[in-house]
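# Working through the structure, step by step
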Amino acid sequence: MHLFNVCLDRPGRRDAQLDAWNRLLNRIDRTCRERNRQENALRRTLISQLQSSAGQQITADVERRLVPYSALALVVADEGHEDEIVRLKRKLAVVNYLPSKFGSWGTSATKNMPLTNFVEDVIFRDSARSYLVQLVDCAAFALLKRETAPTPLVKKYALDRAFDTHLKGVCFHPASPGDPDGIVRK
């Protein structure tokens, strides 16, 4: 599991929550794609090494069992805004124009990269019935309290430092390499 964090400024956005979901789903999908690319290269290397020491039948069996597997994601989220989030995810599975981090994709500034690495639509659970969703809610609350001006009560219980103290080390930094904590901010 990875802890992805998205923290966007609200001014100038029509719907900051859906923008955040867009960023989150894209980062998860791109992470799966990169894992698959790395893993497939490693598998090809291992299979070619195996061919020189094992028989053809063993190599074919290993290849048949190894090659089809790939990284896929399943997102479990707190209830609320289900229709909008599912609609967004399904749209991004068909039309998902992304800008290049290098300025262009050759002839175009954007490229259609539909989401392809999800097992299912986002699954929504009542946080009262899911420890996992409660844990994610707690992480989101800790990030919120770090990013906003602390109230006296927040300071009293050191909630403004909870993210740095307890969660900074488990954040998935490759989600946003330009941010020291891997937080997606654009």
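Conventions and cut-offs
- The numbering scheme is per chain: residues are counted from 1 as the chain's sequence reads.
- Per-residue local features of the predicted model are confined to residues with pLDDT of at least 70, and side-chain atom pairs are confined, for both listing and counting, to 80 or more; whole-chain, interface and lining totals are unaffected and use all residues.
- Heavy atoms throughout the structure, all of them, feed into the side-chain values; hydrogens and water do not.
- In this analysis, axes come from line fits to C-alpha atoms, helices being fitted only over the stretch in contact, and the angle between any two N-to-C directions falls in the range 0 to 180 degrees.
- Segments assigned H or I by DSSP are reported as helices when at least four residues long, segments assigned E as strands when at least two residues long, and all are numbered from the N terminus.
- For classification purposes, angles smaller than 35 degrees are called roughly parallel, those larger than 145 roughly antiparallel, those between 65 and 115 roughly perpendicular, and all remaining angles oblique.
- With the far helix as reference, a near helix turned anticlockwise by less than a right angle produces a left-handed crossing, and one turned clockwise produces a right-handed crossing.
- For this analysis, residues touch if any pair of their heavy atoms sits within 4.5 Å.
- Following the grouping adopted for this structure description, the nonpolar residues are Ala, Val, Leu, Ile, Met, Phe, Trp, Tyr, Cys and Pro, the charged ones are Asp, Glu, Lys and Arg, and the polar ones are all others, Gly among them.
- Using a 1 Å grid laid over the protein atoms alone, points where a 1.4 Å probe fits but cannot get out form a cavity; open sets with protein on both sides within 12 Å along at least 5 of 7 lines form a pocket; any residue with an atom within 4 Å of a point counts as lining.
- Grid points are joined across faces, edges and corners, and a volume is the space filled by probe spheres set on the points.

## Considering the packing of helix α1 (residues 16-53) against helix α2 (residues 56-66)
The contact between α1 and α2 brings their axes to 10 Å, and the two run at 165°. Classified by the angle between their axes, α1 and α2 sit roughly antiparallel to one another. The two elements α1 and α2 cross, and the hand of that crossing is right-handed. Judged by residue contacts, Arg 43, Ile 47, Leu 50 and Gln 51 of α1 engage Thr 59, Val 62, Glu 63 and Leu 66 from α2. Looking at the contact of α1 with α2, its residues break down into four nonpolar, two polar and two charged.

## With respect to the environment of Leu 24
Tracing the backbone shows Leu 24 in helix α1. With 19 residues separating them in the primary sequence, Leu 24 and Asn 5 have C-alpha atoms 7.7 Å apart. If sequence neighbours within four positions are ignored, Leu 24 has contacts with Phe 4 and Val 6.

## Quick look at the layout of surface pockets
Empty space among the atoms becomes apparent when a probe as large as a water molecule is rolled across them. For the largest pocket, the calculated volume is near 1900 Å³. Lining the largest pocket are 47 residues, and of these Phe 4, Val 6, Leu 24, Val 136 and Ala 140 sit closest to its centre. Listed by contribution, the elements that provide at least two residues to the lining of the largest pocket are β1 (5-6), α1, β2 (76-78) and α4 (131-147). With 12 residues, the top contributor of residues to the lining of the largest pocket is α4. Considered class by class, the residues forming the lining of the largest pocket number 32 nonpolar, seven polar and eight charged. A volume near 1100 Å³ is recorded for the second largest pocket. If you go around the second largest pocket, you meet 33 residues; those closest to its centre are Arg 27, Arg 30, Pro 99, Lys 101 and Ala 175. For the lining of the second largest pocket, the elements supplying multiple residues, two or more each, are α1, α3 (82-92), β3 (97-99) and β6 (183-184). Top contributing element to the lining of the second largest pocket by residue count: α1, with 10 residues.

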